[in-house]
Amino acid sequence: MISKILKRVYIALIFVFLYAPMFTLIVLSFNQSKSRAKWGGFTFKWYLALFSDRVVIQALINTLLIALISALVACVIGTITCLAMNRMGNVSKSILTGVTNIPMLNAEIVTGISLMLLFLFFKAKFGFVTILLSHITFNIPYVILSVMPRIRKMNPSNYEAALDLGAGPLYAFFKVVLPDIWPGVLSGFLMAFTMSLDDFIITHFTKGPGVDTLSTKIYAQVKKGINPEMYALSTLIFISVLILLILINRMPSGDKEKEK
Amino acid sequence: MKNNKAVKLLSAPYIVWAAAFIIIPLLMVFYYGLTNRDGQFTFANVLAIQQTEHFKSLYLALILALISTVICILLAYPLAMILSSLKGKNEHLVVFIFILPMWMNFLLRTMAWQTLLENDGVINTVLQFLHMPKMHIINTPSAIVFGMVYNFLPFMVLPLYNVLNKIDINVINAARDLGANPFQTFIRITLPLSVPGIISGITMVFVPSLTTFVVSEMLGGSKILLIGNVIEQEFTQNSNWNLGSGLSIVLMLFIIISMIMSAIFDKNGEGNTL
Amino acid sequence: MSKHLIDLQNISKSFGNHLVLDEMNLYIRENEFLTLLGPSGCGKTTTLRIIGGFENPDVGKVIFDGKDITRLAPNKRQLNTVFQKYALFTHMTIAENIAFGLRIKKKSKAYIDDKIKYALKLVNLEEYGSRYPESLSGGQQQRVAIARAIVNEPKVLLLDEPLGALDLKLRQDMQYELIRLKKELGITFVYVTHDQEEALTMSDTIVVMNQGYIQQIGTPEMIYNEPENAFVADFIGDSNIISSTMIQDELVEILGVKFPCVDKGFGENKPVDVVIRPEDVELTTDVEKGRIQGVVSHIIFKGVHYEMEVMANGFEWLVHSTSCFPVGEKVGINVDPFNIQIMNKPESEDEEAVGVEE
């Protein structure tokens, strides 16, 4: 009984530690007073200011575009790579897996500066494209990571059975293989998408002047001193993340029930 | 298997991509790190770590990352145990609640702590209201540790939860059945079986803590420099890519050491779990 | 016979709204091999876990050797368990696994080494002490789990479907192994299984359970030959269960035909269930000599015997016979009075716990 109470208290304490900061931001986003020490009354003005801030809106658009495109490209490249890796010999497979692990295991700052050096060397124009290329690079490993187990679990006879029944390779891929590995592809996409949304460090080193994502925008703002607009932004992001994750969590659990 | 070759060709795009955006950039870090501005070979950029200011920043980063990792283990282990003991409908939801902050934007999370810890921030306002002495935390190493623990705690909770959740309840029961009390069961069974989770948690907390420049920048003011800050400044402010790359090589050395250590431990761990 | 070692008194247990055990009473004697047999969800594993101390009953008492141990922690009980899927400690060698209980009890090193040697020999794994569990086959892991339990010299060994994960051949070998071990150790075995063959082969006493109730307790012969109700008859082996009427003592009307039998005391003109084992149905080509006439509708060769279905008086009889009767052949059916087993019809819906879910 006592241990049960202790457990509850412990869980509650960690919960407070994790959520108090976010809760504070949400409260402050409605604070009339610019000072965080005083409650100056309820207001929506920071939200209005945020929505009329063209720079922030542009950063939001950039962030979403980069996340979407990089996740899509990573999904295509990652999935076909998995198909090929499944047929490879052990040596070439482990080399490729090793290379794939580099961006995931290496410190982000090193990945960031290495890409920066690359773009500098080739005198590329730093901006949207360089950020996008970098994001695709660190997204592919996440796709491979989540598709590979699915492909390994797949019965290779399925594909051969489809060919045996007269399907062409492409038809067999889209009708037999892809549906089988689809959950892996989907979770790879979602992982890549969120990684890209959340990234700051690599974007910081590969972005150019005038092109910002939300992360780099926040960083620049915070360095100047926190503006309550940022609180409003946090609140909005927190709520969207919450909704998104609830939706995602609903999906697989629905599937499971169907399986039962 | 006639089309084996054709299927293998599908890996061509990624091989090209990986060469261009993973291998070559990494080689360039080594190239810049091991040459001077005129392109001549030198160890000077790597050895620059011996300079007091650089060495101090590396030392501080190592210490703070170590402290943060230890605190994360101590906080996360009991939590993961409690979470893995939950069964039934709510299990998913509760775990979800503790992982959720991980998906919140990293910078906003850190900004939140800035707001809380500042001298005229929320915590001090509350303390003042309660007539308690103010705390001076912001711009100290403690604030950085706070930020690291807060940001990376879920990375410790998740692998620990996964590995603890996988332990067959009957294995725990078997230990009790053979006469072990709950404490002995924990020390002899649960803890050794969770080693792979602890190791992957340590890597997932230690490496980003060691290399961060964001947390130290935002919570440590510009006074406290970690190795990450030094490298970042060499690239974005001083444009001394050679020095920045040289120091990165040193940093990578530490990452590789921690990877090797975890690989060794994990091999033992996995050899035992699988 | 010998004294009661374990007494389960009035045990009830539910999980949520689901009643798993309902006022169960059962005693286990010293040195007996007792099997809890039933389909999944019948409460047999829960019973075992209550004896082992991994579940607390909602109501009732567990008496062990005269002492109430209902609330005693598992590590303080003088019994050991062999778990489903073995539950070996994968981070320890076989020898370390076996030594676990003894080390906890702080036995001397010499004693422990001796015991490991003895236990490994007992289960025929002498060479395997320094190996890790994952390098052993399922059957070997199972034997390690048994060795790990018995080195602690428990008074009772609880076995929770220990052979469930093994293939058929191995399972049969392990059954003999277990019987041998039981003889050598001279301790009480409480065994849980859903496999009736396993239960019939090894047990001194079988407890047939369904939906939280004990259906019948008895020796394997009693359970097989004289099932007390349709559930037991159906669960143990194949059988023809026919709704019939007891005309008077020693005479029963089956499918409209009177059969002499040996049972008494059911009253007159009383509806009953009759159980006839397929091997007890005698077929004859001399149709007129049969009490009932029928036509063979199916035949399968099973190796030891033929399995046939015979349609007679609107009932499909299952018949095992060493002689072959081709499909379509007219046959006469006879049953020895001694082989007709009469059972009372279940009185309430509650008791009619038929329906075997696997």
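Each value, and the rule that gives it
- Residues numbered from 1 in each chain as written.
- Chains lettered and ligands numbered in written order.
- Predicted model: local features only at pLDDT ≥ 70, side-chain atom pairs only at ≥ 80, totals over all residues.
- Heavy atoms only, no water.
- Pairing = 2+ DSSP bridges.
- Helix = DSSP H or I, 4+ residues; strand = E, 2+ residues; numbered from the N terminus.
- Axes fitted to C-alpha atoms, helices over the stretch in contact; angles between N-to-C directions.
- Parallel < 35°, antiparallel > 145°, perpendicular 65-115°, else oblique.
- Left-handed = near helix turned anticlockwise from the far one by under 90°.
- Contact = heavy atoms within 4.5 Å.
- Nonpolar A, V, L, I, M, F, W, Y, C, P; charged D, E, K, R; others polar.
- 1 Å grid on protein atoms, 1.4 Å probe; cavity = no way out; pocket = protein on both sides within 12 Å on 5 of 7 lines; lining within 4 Å.
- Points joined across faces, edges and corners; volume = space filled by probe spheres on them.
- Salt bridge = Lys/Arg side-chain N within 4 Å of Asp/Glu carboxyl O.
- Buried < 20%, exposed > 50% of the residue type's maximum accessible area, 1.4 Å probe, protein only.
- Buried area = accessible area lost by both parts, 1.4 Å probe.
- Polar contact = N/O pair within 3.5 Å; in protein donor to acceptor, adjacent residues only side chain to side chain.
- Domains from an automatic or database assignment.
- Core = buried A, V, L, I, M, F, W, Y, C linked by side-chain atoms within 4.5 Å.

The subject of this paragraph is the sheet that holds strand E20 (residues 341–344) of chain C. Residue and element names in this part refer to chain C. Ordered by their spatial adjacency, five strands build an open sheet running E13-E12-E11-E14-E20, and the pairing between neighbours is antiparallel. Of all strands in the sheet, those bounded by a partner on one side alone are strand E13 (257–260) and E20. Direction aside, neighbouring strands of the sheet carry axes that sit 45 degrees apart on average. Here strand E11 (residues 240–248) pairs with strand E14 (residues 270–276) via seven bridges, running antiparallel. If you follow Met246 over to E14, its bridge partner there is Lys270.

Let's shift gears to the packing of helix H8 (residues 141–166) of chain B against helix H11 (residues 195–211) of chain B. Residues and elements named next belong to chain B. The N-to-C vectors of H8 and H11 enclose an angle of 160 degrees; their axes lie 8 Å apart at closest approach. By the criterion of interaxial angle, the relationship of H8 to H11 is roughly antiparallel. Between H8 and H11 the crossing geometry is right-handed. Contacts from Met148, Phe152, Phe155, Met156, Pro159, Leu160 and Val163 in H8 reach Gly197, Ile198, Ser200, Gly201, Ile202, Met204, Val205, Pro208 and Ser209 in H11. Considered class by class, the residues forming the contact of H8 with H11 number twelve nonpolar, four polar and no charged.

Our next topic: empty space enclosed by the protein. On inspection of all chains with the given rule, the structure shows three cavities of 30 Å³ or more. Residue lining of the largest cavity: Ile102(A), Pro103(A), Asn106(A), Val110(A), Thr111(A), Ser114(A), Thr137(A), Phe21(B), Ile22(B) and Leu26(B), and that is the complete set. Contributions of two or more residues to the lining of the largest cavity are made by helix H4 (90–105) and helix H5 (108–121) of chain A together with helix H2 (12–33) of chain B. Considered as a void within the structure, the second largest cavity measures approximately 60 Å³ in volume. Lining the second largest cavity are Asn170(B), Leu48(C), Arg49(C), Gly52(C), Phe54(C), Thr81(C), Phe83(C), Leu158(C) and Asp160(C). Of all the secondary-structure elements, those providing two or more residues to the lining of the second largest cavity are helix H1 (44–52) and strand E7 (156–160) of chain C. For the lining of the second largest cavity, the element with the highest residue contribution is H1(C), accounting for three residues. Split by residue class, the lining of the second largest cavity holds four nonpolar, three polar and two charged.

Let's shift gears to the pattern of salt bridges. Residue and element names in this part refer to chain C. A complete count under the given rule lists 19 salt bridges over all chains for this structure. Of the charged contacts in the structure, one is a salt bridge between Glu32 and Arg29, with a shortest N-O distance of 3.6 Å. The salt bridge partner of Arg171 is Asp195, with a shortest N-O separation of 3.7 Å. One end of the pair, Arg171, is in helix H5 (residues 168–185); the other, Asp195, is in the loop between strand E8 (188–193) and helix H6 (196–202), with 24 residues separating them in the sequence. When its relative accessible area of 19% is taken as the criterion, Asp195 is described as buried. In this structure, a network of salt bridges that share partners links the residues Arg143, Glu177, Arg180 and Glu184.

Next up on the list: the interface of chain B and chain A. Across the boundary between the two partners, chain B contributes 75 residues, which contact 73 residues of chain A. Of all residues in chain B, Tyr14(B), Trp17(B) and Trp103(B) give up the largest surface area on contact with chain A, accounting jointly for 10% of the area buried on that side. Inspection of the region where chain B meets chain A yields zero salt bridges. Viewed at the interface, chain A and chain B are joined by ten residue pairs in polar contact (both at pLDDT 80 or more). The dominant element in the side of chain B that touches chain A, judged by the number of residues it contributes, is H2(B), at 15 residues. Classifying every residue of the side of chain B that touches chain A by side-chain character gives 55 nonpolar, 14 polar and six charged.

All right, on to the layout of surface pockets then. With a probe scaled to a water molecule rolled over the atoms, the places where space remains empty come into view. If you add up the space inside the second largest pocket, you get close to 1400 Å³. Counting residues per element, the ones that place at least two in the lining of the second largest pocket are helix H1 (2–28) of chain A together with helix H4 (52–85), helix H5 (90–99), H8, helix H9 (169–177) and helix H10 (182–193) of chain B. For the lining of the second largest pocket, the element with the highest residue contribution is H1(A), accounting for six residues. Looking at the lining of the second largest pocket residue by residue, the class counts come to 15 nonpolar, nine polar and six charged.

By the assigned domains, chain C splits into domain 1 (4–225) and domain 2 (238–344). Placing the centre of domain 1 of chain C and that of domain 2 of chain C at their C-alpha centroids yields a distance of 40 Å.

Ranked by internal contacts, the top residues of the largest apolar core, which has 172 residues, are Ile109(A), Leu83(B), Met111(B), Val214(B), Phe89(C) and Phe100(C). No other element matches H8(B), which puts 14 residues into this core. Among the nonpolar cores identified, the runner-up in size contains 35 residues, and Leu120(C), Leu122(C), Leu163(C) and Leu166(C) belong to it.

Okay, the pairing of strand E1 (residues 4–15) of chain C next. Residues and elements named next belong to chain C. Bridge analysis of E1 against strand E2 (residues 18–29) gives eight bridges, and the strand direction is antiparallel. Within the sheet, the bridge partner assigned to Ser14 lies in E2 and is Leu19. In this antiparallel pair of consecutive strands, E1 and E2, the connection spans two residues, and Gly16 shows a positive phi of 60 degrees.

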